[in-house]
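One-letter residues, chain by chain:
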Amino acid sequence: MSSPLPAVDLVLRMPAAGDAVERLGRAPVLDAVRAELAQLRADGATADAETVAQKAIVRAAAELAASQRPVFNLTGTVLHTNLGRAPLPPEAIEAAARAMANATNLEYELGSGKRGERDAHLRGWLRKLTGAEASSAVNNNAGAVLLLLNALALRKEVLVSRGELIEIGGAFRIPDIMSRAGCKLVEVGTTNRTHLIDFANAIGPKTALIMKVHPSNYAIQGFTSAVPEADLAKLAHERGLPFVIDLGSGSLIDLAPFGLPHEPTPREALALGADLVTFSGDKLLGGPQAGLIVGKAELIRRIDRNPLKRALRLDKGRLAALEAVLRLHADPDRLRQRSPTLRLLTRPEAEIAALGERLLPLVQVKLAAMADVELVPCQSQIGSGSLPVDRLPSRALALRPKARGGKAVETLAARFRALAVPMIGRIADGRLLFDLRCLEDEPGFCQQLDLM
Ligand SMILES: *Cc1c(COP(=O)(O)O)cnc(C)c1O
């Protein structure tokens, strides 16, 4: 015979339970106590009040823990979509927090006391940074493309080169977006070669626009030919059609002076004759998730009048963060210091190597029981489809598990993912690689190692 289970009230009177109620709240602790007792009853087991209280506290704390938490991005992919892409500059975080905590002039003109427009907060900066007449901001770049197509080409045809019918991670496929936007995709040319004459021949009475998609996450090499933007723009304009470019990553500044490969900017795309350009807020721009459309005022007006704009608009927090990021772009030197995205992308190899040399002996000692650790050269990537073929030289801690067996390295990786601040690396050749490019919190990293 097992002794009867303690009553809920008795468990709650345990000193530890009292502390937990203070810390976690009465309702969650009460729920957890009931759940623990139900579990014991179902198992036909028993426990004293103190034990039930302890278990309930662990259960309540686990249930109340934040689901989304900071992690160490040691994958070597700087703009990692699954890990939240761009980390924001401090001034953007402060601006977002201030806007979210308060009533703001989000859609209110302080001069006239009349209703204003939320996108007005970005307009001046985007005009200055891209040369565009007008702009519109939405939830993300996929949303920007969807909105643009729906507003300008509903029940009409859109010409796109066959070589640009891309899928970008997270199920953004140009053909799917086209059909959801209510447009008919007309594929032009072949996968590897498309010529201006192909576009000219494809234009018909139902054509609404010509679109170019920046092949963000791949490159076609070998016997290839794409039509230069300027030629496409000229053809479109001769036939009275808008020419739009989906840039994707869209850095607002030339990255070459920072030692990074050149990525076409919205300003350049507009200068080549694009009427509209779309790009993401949280890729090379280094801001919050957003999609930006810049270009001709007349087309932006049509976009802003579309009901989808209302469904895809940005909230005040992200608008404030974006405004702060754009403001930083006014001074590229400052931007490099303040933007974590640019700082990580341009982090000198020597600095990463020095960090690795500092960490190596420490990590070797701390992980002595579970892995052999070396410092190895590796290649980071920018991520999010930006500059796909370019790699950034970096250093990684390479952990080879001491345990033998097919799953040893996966088991090791899982242990690092189970830390309070999970460490996410990548597995290659039976080793767990921690690329150090994005590791800035050295003390925090060492603290987590102590918990291994
Ligand atoms: C990333 C990307 C998108 C999608 O942008 P999100 O901001 O992720 O919605 C669309 N087009 C191109 C060319 C891209 O690179």
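Owing to the predicted nature of the structure, the values given are computational and were not obtained by experimental measurement. (Residues numbered from 1 in each chain as written. Predicted model: local features only at pLDDT ≥ 70, side-chain atom pairs only at ≥ 80, totals over all residues. Heavy atoms only, no water.)

> Looking at this structure, how should I read unusual backbone geometry?
Trans peptide bonds make up most of the peptide bonds, and negative phi angles are found at most residues other than glycine. The phi torsion at R85 lies on the positive side, around 55°, for a residue other than glycine. Tracing the backbone shows R85 in the loop between strand 1 (72–73) and helix 5 (90–101). In the Ramachandran plot, R155 falls in the positive-phi region, its phi being about 60° despite a non-glycine side chain. You can see R155 is positioned in the loop between helix 7 (141–153) and strand 3 (157–161). The exposure class of R155 is exposed, given its relative accessible area of 63%. (Helix = DSSP H or I, 4+ residues; strand = E, 2+ residues; numbered from the N terminus. Buried < 20%, exposed > 50% of the residue type's maximum accessible area, 1.4 Å probe, protein only.)

> Please explain the packing of helix 5 against helix 14 (residues 316–329) as it appears in this structure.
Two numbers describe a pair of packed helices, the interaxial angle and the distance between the axes. Where helix 5 contacts helix 14, the axes come no closer than 7 Å and their chain directions differ by 150°. In terms of their interaxial angle, helix 5 and helix 14 are classed as roughly antiparallel. Regarding helix 5 and helix 14, the two cross each other, and that crossing is right-handed. The residues of helix 14 that touch helix 5, namely those facing E91, A92, A95, A96, A99 and M100, are K316, G317, A320, A321, A324, V325 and L328. Split by residue class, the contact of helix 5 with helix 14 holds ten nonpolar, one polar and two charged. (Axes fitted to C-alpha atoms, helices over the stretch in contact; angles between N-to-C directions. Parallel < 35°, antiparallel > 145°, perpendicular 65-115°, else oblique. Left-handed = near helix turned anticlockwise from the far one by under 90°. Contact = heavy atoms within 4.5 Å. Nonpolar A, V, L, I, M, F, W, Y, C, P; charged D, E, K, R; others polar.)

> In this structure, what is going on with the packing of aromatic side chains? I would like to understand it.
Geometry of an aromatic ring pair is reported as the spacing of the ring centres plus the angle between the planes. According to the stated counting rule, one finds two aromatic pairs in the structure shown. Summarising the aromatic geometry, the rings of F72 and F445 are spaced 6.0 Å apart at their centres and angled 90° between planes, so their arrangement reads as edge-to-face. On the criterion of sequence distance, the pair formed by F72 in strand 1 and F445 in helix 19 (residues 442–450) is long-range, its members being 373 residues apart. Under the relative-accessibility criterion, F445 is labelled buried at 1%. (Phe/Tyr/Trp six-rings, centres within 6.5 Å; stacked < 30°, edge-to-face > 60°.)

> What is the right way to read the packing of helix 7 against helix 12 (residues 297–305) from this model?
It is the contact of helix 7 with helix 12, at a shortest axis distance of 9 Å, that shows an interaxial angle of 100°. With respect to their mutual orientation, helix 7 and helix 12 come out roughly perpendicular. In contact with L147, L148, A151 and L152 of helix 7, helix 12 contributes L299, R302 and I303. Taken together, the residues of the contact of helix 7 with helix 12 sort by class into six nonpolar, no polar and one charged.

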